[in-house]
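# Residue-level structural notes
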Amino acid sequence: MQAVATPQVDRALSLLSAHAVRERAHRMRALCEDGGLQHWRIETSRLDAVADFVVETIWDNYPLLSIPFHARWRHFAVGGHDRWAALEAKAGWKNAAQKARPAFDLVIVSVLLDAGAGPNWRYRDAQGSVLSRSEGLAVASLEMFAAGAFSANPDEPLRLDAERLRKLSADDLRRRFQVSADNPLVGLETRVALLKALGQTCLATPSIFARKDSARPGGLFDHLLAQASENISADAVLHALLRHLGHIWPSRLSLDGLPLGDTWCHPALQTEDETSGLVPFHKLSQWLAYSLIEPLQAAGVEVTDIDALTGLPEYRNGGLFIDLGALVPREASALDQTHTVDSLFIVEWRALTVALLDDIAERVRARLDLDASRLPLACVLEGGTWAAGRRIARKKRADGSPPLKIASDGTVF
């Protein structure tokens with residue numbers, strides 16, 4: 001569905017970019033430093049300690065500094081077993097496009113299922129390993145994909161057909177993800193609704209998702225390939241995701257009929273147009289954009305300006321700043337309360353997280369004597385802030401839970 005061009009639509013489209021996420025996050029940081037935010041303050045004296053902890057984590061995990069991009073592919077290799085490589089080796093794909101479409105299919109469905117699983121869900125994989133959180137969701141989605149559960153063609157199991165997605169049931173996901181009363185998965189019904197909406201969107205827009213095949217999320221590869229002469233920017237990948245998959249998200253904010261996705265309201269952020277008070281994040285979409293870089297590269301497409309994407313405002317990156325005292329709630333008791341995704345408390349925390357990740361990236365590069373070309377933000381996140389956030393959470397709390405509580409519906413966190 002394409003919106004008719006109007007000045008309002010143009011302004012709405014301006015929010016569907018990593019540039020808007022970064023620009024408004026840094027404006028929120030400036031407001032915070034001027035005392036203009038209600039719920040948080042930045043303890044700048046602690047930012048060096050955060051950078052030191054991230055560098056320590058990088059050296060522990062990547063002593064040769066050969067850090068991959070932050071992407072869903074890392075989770076498919078949890079425990080040292082690269083499950084995607086094993087699938088690829090058996091598939092017998094004959095060319096780059098035949099490989100890229102299933103890679104897109106898998107990573108799109110896996111990222112859409114990657115909102116927080118909750119503290120009690122576990123998944124036992126085919127090797128008998130018990131996994132939780134992001135790694136558990138990744139492996140569960142990969143094993144469901146490998147079993148042909150998303151395919152409408154028994155002779156071609158490694159694909160994600162839109163028609164099959166549209167018919168997906170909660171029982172399908174419950175069974176494949178080993179969900180039970182004793183093993184609850186947060187937001188199961190909304191996850192299924194998201195995948196059904198993905199299938200419907202692919203069927204409704206064959207010009208995007210069925211250029212070379214029947215409708216499937218992996219058809220987005222052909223759309224992006226047609227856009228790229230020799231290269232494509234990471235922000236263009238993100239923009240395509242936000243434009244063409246924007247309608248799958250639960251009803252939130254829209255502007256002149258254009259869904260704004262992971263965008264929320266904060267009255268302190270003022271502009272002179274209809275976007276006043278709006279703060280975009282596009283967390284899952286950016287996570288997906290990062291994760292599509294490698295299959296594009298493997299198909300011979302150069303992905304440029306990867307640092308245009310921002311850090312991801314979620315539990316691990318944002319928890320790192322709280323646990324190390326760089327982000328401090330004005331009311332300490334707020335950390336004991338459960339907050340909704342649209343609360344000012346969470347919107348402020350997420351915006352400050354995005355801005356501070358840029359700051360930490362610069363400090364980390366200085367400590368490692370590397371520039372952005374050798375240590376892009378995607379590597380700082382992987383090496384990096386996400387791992388450091390998980391590490392400090394485990395030191396602070398026995399169950400490794402994040403330092404704040406959010407009521408999740410399974411589509412944001």
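Residues numbered from 1 in each chain as written. Predicted model: local features only at pLDDT ≥ 70, side-chain atom pairs only at ≥ 80, totals over all residues. Heavy atoms only, no water.

### Some details on the overall build of the chain
How we decide: For the purposes of this entry, the term helix denotes a DSSP run of H or I that reaches at least four residues, the term strand denotes a run of E that reaches at least two, and both are numbered from the N terminus. Radius of gyration: C-alpha atoms only; globule rule: 2.2 Å multiplied by the number of residues to the exponent 0.38. Should any heavy atoms of two residues lie within 4.5 Å, those residues are counted as being in contact. Accessible areas in this description were obtained via Shrake-Rupley with a 1.4 Å probe; residue shielding takes into account the shown protein chains only. Charge assignment in this entry is limited to Lys and Arg as positive and Asp and Glu as negative, and neither His nor the chain termini are counted. Lys charges are placed at NZ, Arg charges at CZ, Asp charges at CG and Glu charges at CD.
For the chain, the helix and strand inventory stands at 17 helices and twelve strands. By the compact-globule yardstick of 22 Å for 413 residues, the chain fits well, its C-alpha radius of gyration being 20 Å. Looking at the chain alone, contacts between residues at least 24 apart form 74% of all its contacts between residues at least 6 apart. Working note: accessible area of the chain is about 16,200 Å², and carbon and sulfur atoms make up 49% of it. Averaging the locations of the 46 positively and 51 negatively charged side chains of the chain gives two centres separated by 5 Å.

### Brief notes about the pattern of salt bridges
Operational definition: The term salt bridge refers to a pairing of a side-chain nitrogen on Lys or Arg with a carboxyl oxygen on Asp or Glu at a separation within 4 Å. Only protein chains enter the area calculation, which uses a 1.4 Å probe; residues under 20% of their type maximum are buried, those over 50% are exposed, and those in between are partly exposed.
Within the structure shown, the criterion is met by 33 salt bridges. The shortest N-O distance in the salt bridge between arginine 391 and aspartate 60 comes to 2.7 Å. Of this pair, arginine 391 sits in helix α17 (residues 377-396) while aspartate 60 is found in helix α3 (residues 47-61), placing the two residues 331 residues apart along the sequence. Under the relative-accessibility criterion, arginine 391 is labelled partly exposed at 23%. Between arginine 175 and aspartate 172 there is a salt bridge, and its shortest N-O distance comes to 3.6 Å. Separated by three residues within a single helix, arginine 175 and aspartate 172 lie in helix α9 (residues 170-176), roughly one turn from each other.

### Focus: the side chain of glutamate 348
Its location among the elements puts glutamate 348 in helix α16 (residues 344-368). One buried charged side chain, glutamate 348, makes no salt bridge at all; its nearest oppositely charged neighbour is arginine 330, positioned 6.4 Å away.

### Regarding the packing of helix α2 (residues 18-33) against α16
Test applied: The axes are straight lines fitted to the C-alpha atoms, using for helices just the contacting stretch, and the angles between their N-to-C directions are given from 0 to 180°. Any angle from 65 to 115 degrees is called roughly perpendicular, while one under 35 is roughly parallel, one over 145 is roughly antiparallel, and all others are oblique. Three classes are used: nonpolar for Ala, Val, Leu, Ile, Met, Phe, Trp, Tyr, Cys and Pro, charged for Asp, Glu, Lys and Arg, and polar for all others, with Gly counted as polar.
At a closest axis distance of 8 Å, the pairing of α2 and α16 adopts a crossing angle of 100°. Taken as axis vectors, α2 and α16 run roughly perpendicular relative to one another. On α16, the residues that touch Val21, Arg22, Ala25, His26, Met28, Arg29 and Cys32 of α2 are Glu348, Ala351, Leu352, Val354, Ala355, Leu356, Asp358 and Asp359. Along the lines of polarity and charge, the residues of the contact of α2 with α16 split into nine nonpolar, one polar and five charged.

### A few points about the packing of aromatic side chains
The line we're drawing: Two aromatic rings from Phe, Tyr or Trp, using only the six-membered ring of Trp, form a pair when their centres are within 6.5 Å; if the ring planes differ by under 30 degrees the pair is stacked, by over 60 it is edge-to-face, and anything between is tilted.
Tallied over the full model, the rule gives seven aromatic pairs. Arranged with centres 5.5 Å apart and planes meeting at 75°, the rings of tryptophan 73 and phenylalanine 76 form a pair that is edge-to-face. With tryptophan 73 and phenylalanine 76 both in helix α4 (residues 72-76), this residue pair falls three residues apart, about one helical turn. Look at tryptophan 73 and you get buried, because its relative accessible area is 9%.

### Observations concerning empty space enclosed by the protein
To keep it simple, the criterion reads: Any residue with an atom within 4 Å of a point lines the site, the site being either a cavity, points on a 1 Å grid over the protein atoms alone where a 1.4 Å probe fits but cannot get out, or a pocket, an open set with protein on both sides within 12 Å along at least 5 of 7 lines. Grid points are joined across faces, edges and corners, and a volume is the space filled by probe spheres set on the points.
Taken as a whole and judged by the stated rule, the model has two cavities of 30 Å³ or more. Contributing to the lining of the largest cavity are Leu242, Trp249, Arg252, Gly261, Asp262, His282, Lys283, Leu284, Ser285, Thr411 and Val412. At three residues, helix α14 (residues 283-298) tops the list of elements feeding residues into the lining of the largest cavity. Here the residues of the lining of the largest cavity sort into four nonpolar, four polar and three charged. Taken as a whole, the second largest cavity encloses approximately 60 Å³ of empty space. What lines the second largest cavity is Val111, Leu112, Leu241, Leu245, Ile248, Trp249, Leu284, Ser285 and Leu288. When contributions to the lining of the second largest cavity are tallied by element, the ones reaching two or more residues are α6 (96-112) and α14. The element contributing the most residues to the lining of the second largest cavity is α14, with three residues. Of the residues that constitute the lining of the second largest cavity, the class distribution is eight nonpolar, one polar and no charged.

### Notes on the layout of surface pockets
Each pocket or cavity is described by its volume, and for the largest pocket that value is around 620 Å³. Contributing to the lining of the largest pocket are 31 residues, with Gly116, Gly118, Arg133, Tyr315 and Pro402 lying nearest its centre. Of all the elements in the fold, those that place two or more residues in the lining of the largest pocket are α7 (133-146), α14, α15 (315-323), α17 and β12 (405-407). Of the volumes computed, that of the second largest pocket is approximately 460 Å³. Put simply, the parts of the chain that give the lining of the second largest pocket at least two residues each are α4, α7 and α17. Element by element, the count of residues in the lining of the second largest pocket is highest for α17, at six residues. Classifying every residue of the lining of the second largest pocket gives six nonpolar, five polar and nine charged.

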